[in-house]
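Take a look at the letters that make up each chain.
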Amino acid sequence: MSEAALQTLADAQLALIAALDAGDADEVGIATAAVDAALTGVRAVGGWRDRRDLIEQLELILKRSEAGRIRALYHRERARRDLSAVAMLRRPVAVAGYGPTGRFRLDTF
């Protein structure tokens, strides 16, 4: 596996985490596309199982992926709360949430 491909993925992940921390939706989209492109580059190269240094780098990348996932969950929950608070201002009472299909919806009561 190419160390350059792994470094590109690591850099793309850091950019995604920074965009998530900043809360900039446009930058999150750009960084997500960069991570996807970097993953494609990593998948195209093989032979990492016999190199301990690459395995360690992959483990770090996996930890960063988890950090990004946690940030994304945080932002999703924050957006849900904000939308719910705005929906409560409406009459009749409306509750924002995600339906069984995973799509966002506004239920009125």
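Just so it is clear, the structure is predicted and the values come from calculations on it, not from any experiment.

Okay, helix H1 (residues 3-22) next. Spacing of three or four residues puts side chains on the same side of an α-helix, whose turn is 3.6 residues. With 20 residues, H1 should cover 28 Å at 1.5 Å per step; its first-to-last C-alpha distance of 29 Å lies within 8% of that length. Inspection of H1 places Ala5, Leu6, Leu9, Ala10, Ala12, Gln13, Leu16, Ile17, Ala19 and Leu20 among the buried residues, and these make up the whole buried set. Those residues of H1 hidden inside the fold are in contact with helix H2 (25-43) and helix H3 (52-88).

Now for the environment of Arg80. Mapped onto the secondary structure, Arg80 falls in helix H3. Residue classification places Arg80 among the partly exposed residues on the basis of a relative accessible area of 28%. Separated by 17 residues in the primary sequence, Arg80 and Gly97 place their C-alpha atoms 6.8 Å from one another.

Residue placement: Gln13 occurs in helix H1. Of the polar contacts made by the side chain of Gln13, one reaches the backbone oxygen of Ile61; its length is 3.0 Å. A distance of 2.5 Å separates a polar atom in the side chain of Gln13 from a polar atom in the side chain of Ser65. Setting aside chain neighbours within four positions, we find Gln13 in contact with Val35, Ile61, Arg64 and Ser65.

A few words on the nonpolar core. Within soluble globular proteins, side chains that are nonpolar tend to cluster in buried spots. Counting 15 residues, the largest nonpolar core has Leu6, Leu9, Leu16, Val35, Val42 and Ile61 as its most contacted members. Counting residues per element, the ones that place at least two in this core are H1, H2 and H3. With 8 residues, the single largest contributor to this core is H1. Not counting chain neighbours up to four residues away, the residues in contact with Leu9 comprise Val35, Ala38, Leu39, Val42 and Ile61.

What counts, and where the lines are drawn
Residues numbered from 1 in each chain as written. Predicted model: local features only at pLDDT ≥ 70, side-chain atom pairs only at ≥ 80, totals over all residues. Heavy atoms only, no water. Helix = DSSP H or I, 4+ residues; strand = E, 2+ residues; numbered from the N terminus. Expected span 1.5 Å × (residues − 1). Buried < 20%, exposed > 50% of the residue type's maximum accessible area, 1.4 Å probe, protein only. Contact = heavy atoms within 4.5 Å. Polar contact = N/O pair within 3.5 Å; in protein donor to acceptor, adjacent residues only side chain to side chain. Core = buried A, V, L, I, M, F, W, Y, C linked by side-chain atoms within 4.5 Å.

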